[in-house]
Amino acid sequence: MNSDNKITDMHLDVLKEVGNIGAAHAATSLSQLLNRKIDMHVPNVKLVSFDEMFDLAGGAETIVAGIFLRIEGDLSGSMFFVLPVESANHFIRRLIEDETFDFASPNLPEIGVSAMQELGNILSGSYLSALSDFTGLKIYPTVPSLSVDMVGAIVSFGLIEISHYSDEVIVIDTQIREEGEEGISSVNGHFFLLPDPPSYVTIFRSLGVM
Amino acid sequence: MMILNEVIRVGIADMNIVKEPMTIRTSGLGSCVGIVLYDERKKIAGMVHIMLPDSSLGKSDRINVAKFADTGIYALMELLKAEGVRPMALKAKIAGGSQMFQFGSSDTIRIGPRNVEAVKQELKRLSIPIIAEDTGGSSGRTIEFNPTESMLNIRTVNLGTKEI
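A brief structural summary. Just so you know, these numbers come straight off a predicted model, no measurement behind them.

### Looking at the overall build of chain A
Each helix and strand counted, chain A has 6 helices and 7 strands in total. In summary, chain A has a C-alpha radius of gyration of 17 Å against a globular reference of 17 Å for 210 residues, a match within 12%. Projected onto the principal axes, the alpha-carbon positions of chain A cover approximately 55 × 30 × 30 Å. Look at the contacts in chain A between residues 6 or more apart in sequence, and 72% of them connect residues 24 or more apart. Total accessible area on chain A is roughly 8500 Å²; 48% of this is exposed by carbon and sulfur atoms. Mean positive and mean negative side-chain charge positions of chain A (11 and 29 charges, respectively) differ by 6 Å.

And the structure:
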């Protein structure tokens, strides 16, 4: 965005609404897939520095299983599904019914990797189709790719495109929580939508706020 | 001012300098490259964490010099010069430039190797020799430089820790 059309609180509120709609759909898909009640909500939509972006995901050195995909079409951007290794293990063990699966092991079994990618596919697919319905924009996700590594190393890859324009990023942060048995939340993770700066205007126009 | 074992942190697209006994560190390098310039005799070092190879890629009117290989390394050298370091005395160690994901738009996918290439070209242009490097691969790195020993410590998630 240039200095003539600044991002206002109203814009951030609109993006939060966009995020909430996407999150609601993604939560439904994930709940069905795992047969558990999954709660997703959007605690934050804000303009942050790149370092603050890593902090949102637990700090640059936190080890996570990160799914990354690009979105293309009428708007472009990056999308991340980031889970601490323990939470990712929990999800995937349940999904493939193998209690020994571990993302921290040096030789990752292929089935766990593809299950995680499929999880990313389903989540981003339902999130983005909700976003597409809401805005009337055509949105195409690329195939998701998985990396188990430090948050900084993973998320910075999705900031490359944005870094051409800015040192800050609008992040639509979706928190994922499983409503655990006996009130224990066993899973927590984040789903980040990072639109490329030229797409901000596209989103706002489509929703009639610019 | 001088506190033993204090670590100066360098963020993404950021730079700073340090004198012994302090160390300087940047976390979670992926396709980005961390460049250390140091003067062995004066025990002073600088670190820059670059994201992109070339400032001509910038699409905003105001650029952050520490974000690009061509402007960041030069700016770091200027910072060190302001501390009385002669450019002739400078040596470099570099790490990063990995490929974290197996796909991406054609330009983005190769950003790690392109960053490494641009860093080497710029160091050559400035006549600063590369003493050691740990670049490429598909792992994230956290690096910390100790100007007392002129050693660069590199930590990865899957490949352990090493010093170069």
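### Here we look at the pattern of salt bridges
For the coordinates displayed, the defined rule picks out 14 salt bridges over all chains. Ionic pairing is found between Arg125(B) and Glu122(B), a salt bridge with its closest N-O pair at 3.1 Å. Of the two residues, Arg125(B) and Glu122(B) are both situated in helix H3 (residues 111-125); the distance of 3 residues between them amounts to about one turn of the helix. In this structure Arg125(B) comes out as exposed when scored by relative accessible area, which is 56%. Among the salt bridges present, the one from Lys162(B) reaches Asp134(B), with a minimum N-O distance of 3.0 Å. Here Lys162(B) is found in strand S10 (residues 161-163), whereas its partner Asp134(B) is found in strand S7 (residues 130-135), with 28 residues between them in sequence. Classification of Lys162(B) as partly exposed rests on a relative accessible area of 41%. Put simply, Glu61(A), Arg25(B), Glu144(B) and Arg155(B) are held in one network by salt bridges that share partners.

### Some words on H3(B)
Residues and elements named next belong to chain B. End to end, H3 covers 21 Å across 15 residues, agreeing with the expected 21 Å (1.5 Å per residue, within 8%). Among the residues of H3, those classed as buried are Ile-111, Gly-112, Asn-115, Val-116, Ala-118, Val-119, Glu-122 and Leu-123. All buried residues of H3 project into a common sector of 165° when viewed along the axis, lining one side. Every exposed residue of H3 that faces more than 90 degrees away from the buried side is listed here: Gln-121, Lys-124 and Arg-125.

### A word on the interface of chain A and chain B
Taken residue by residue, the interface counts 32 residues in chain A and 33 residues in chain B. Across the chain A to chain B interface the summed buried area is about 2700 Å²; carbon plus sulfur atoms make up 62%. Per-residue buried area on chain A facing chain B is highest for Glu61(A), Phe157(A) and His164(A); these three make up 25% of the total on that side. Scanning the region where chain A abuts chain B turns up 3 salt bridges. The salt bridge partner of Glu61(A) is Arg155(B), with a shortest N-O separation of 2.4 Å. For the pair chain A and chain B, the number of links is 11 residue pairs in polar contact (both at pLDDT 80 or more). The element that contributes the greatest number of residues to the side of chain A that touches chain B is helix H5 (residues 151-163) of chain A, accounting for 9 residues. The residue inventory of the side of chain A that touches chain B, partitioned by class, reads 17 nonpolar, 9 polar and 6 charged.

### Here we look at the side chain of Ser139(B)
Tracing the sequence through the fold places Ser139(B) in the loop between S7 and strand S8 (141-146). A residue is classified by how much of its surface remains accessible, and Ser139(B), at 10% relative accessible area, is buried. Setting aside anything within four residues of it in sequence, one finds Ser139(B) in contact with Asp149(A), Leu29(B), Ser98(B), Met100(B), Thr156(B) and Leu159(B).

### A look at the environment of Val85(A)
Topologically, Val85(A) is positioned in helix H3 (residues 85-96). For the pair Val85(A) and Ile63(A), spaced 22 residues apart in the sequence, the C-alpha separation amounts to 6.5 Å.

### Comments concerning the sheet that holds S7(B)
Residues and elements named next belong to chain B. Overall, mixed pairing links the 5 strands, which are arranged S2-S5-S4-S6-S7 in an open sheet. A strand with exactly one partner marks an edge of an open sheet, and here the two such strands are strand S2 (15-19) and S7. Across this sheet, the average inter-strand angle for adjacent strands is 15°, counted without regard to direction. In the sheet, S2 pairs with strand S5 (residues 44-50) via 5 bridges, with the strands oriented antiparallel. The residue bridging Lys-19 from the neighbouring strand is Ile-44, located in S5.

### Examining the packing of helix H1 (residues 69-82) of chain B against H3(B)
All names here are of chain B. Relative orientation of the contacting elements H1 and H3 amounts to 45°, with a least axis distance of 9 Å. Put simply, H1 runs oblique to H3. In the packing of H1 onto H3, the handedness of the crossing is right-handed. Only Ala-118, Val-119, Glu-122, Leu-123 and Arg-125 of H3 make contact with H1, whose side of the interface consists of Ala-69, Asp-70, Ile-73 and Tyr-74. Taken together, the residues of the contact of H1 with H3 break down into 6 nonpolar, no polar and 3 charged.

Conventions we followed
- Each chain has its residues counted from 1, following the order in which its sequence is written.
- Whichever chain is written first becomes A and whichever ligand is written first becomes 1, with later ones labelled in order.
- A pLDDT threshold of at least 70 governs which residues receive local features in this predicted model, and a stricter bar of 80 or more applies before side-chain atom pairs are shown or counted, although totals over entire chains, interfaces and linings include all residues.
- Based on all heavy atoms of the structure, the side-chain values leave hydrogens and waters out of the count.
- Numbered from the N terminus, helices here are DSSP runs of H or I no shorter than four residues, and strands are runs of E no shorter than two.
- C-alpha atoms define the radius of gyration, and 2.2 Å times the number of residues to the power 0.38 defines the globule rule.
- The contact criterion used is simple: two residues touch if any of their non-hydrogen atoms lie within 4.5 Å.
- Accessible surface is estimated by sampling points in the Shrake-Rupley manner with a 1.4 Å probe; for residues, cover comes only from the protein chains shown.
- Neither His nor the chain ends contribute to the count of charged residues, in which Lys and Arg are positive and Asp and Glu negative.
- Each charge is placed at NZ for Lys, CZ for Arg, CG for Asp and CD for Glu.
- Any carboxyl oxygen of Asp or Glu that lies within 4 Å of a side-chain nitrogen of Lys or Arg is treated as forming a salt bridge with it.
- Type-normalised accessible area, obtained with a 1.4 Å probe on protein chains alone, sets the label of each residue: buried when under 20%, exposed when over 50%, and partly exposed for intermediate values.
- One less than the number of residues in a helix, times 1.5 Å, gives the span that helix is expected to have.
- Each direction from the helix axis to a C-beta atom contributes to the arc, which is the arc of those directions.
- Accessible area that two parts lose when put together, with a 1.4 Å probe and added across both, is what the buried area reports.
- Under the rule applied, a polar contact is a pair of N or O atoms within 3.5 Å (in protein, one hydrogen donor and one hydrogen acceptor; residues adjacent in sequence only if both atoms are side-chain atoms).
- In this classification, the charged set is Asp, Glu, Lys and Arg, the nonpolar set is Ala, Val, Leu, Ile, Met, Phe, Trp, Tyr, Cys and Pro, and all remaining amino acids, among them Gly, are polar.
- A pair of strands is labelled paired if DSSP reports no fewer than 2 bridges between them.
- Fitting a line to C-alpha atoms yields each axis, with helices limited to the stretch in contact; the angle taken between N-to-C directions then spans 0 to 180 degrees.
- Just so you know how the angles are binned, under 35 degrees is roughly parallel, over 145 roughly antiparallel, 65 to 115 roughly perpendicular, and the rest oblique.
- Each crossing gets its handedness from the near helix: less than a right angle anticlockwise from the far helix is left-handed, clockwise is right-handed.

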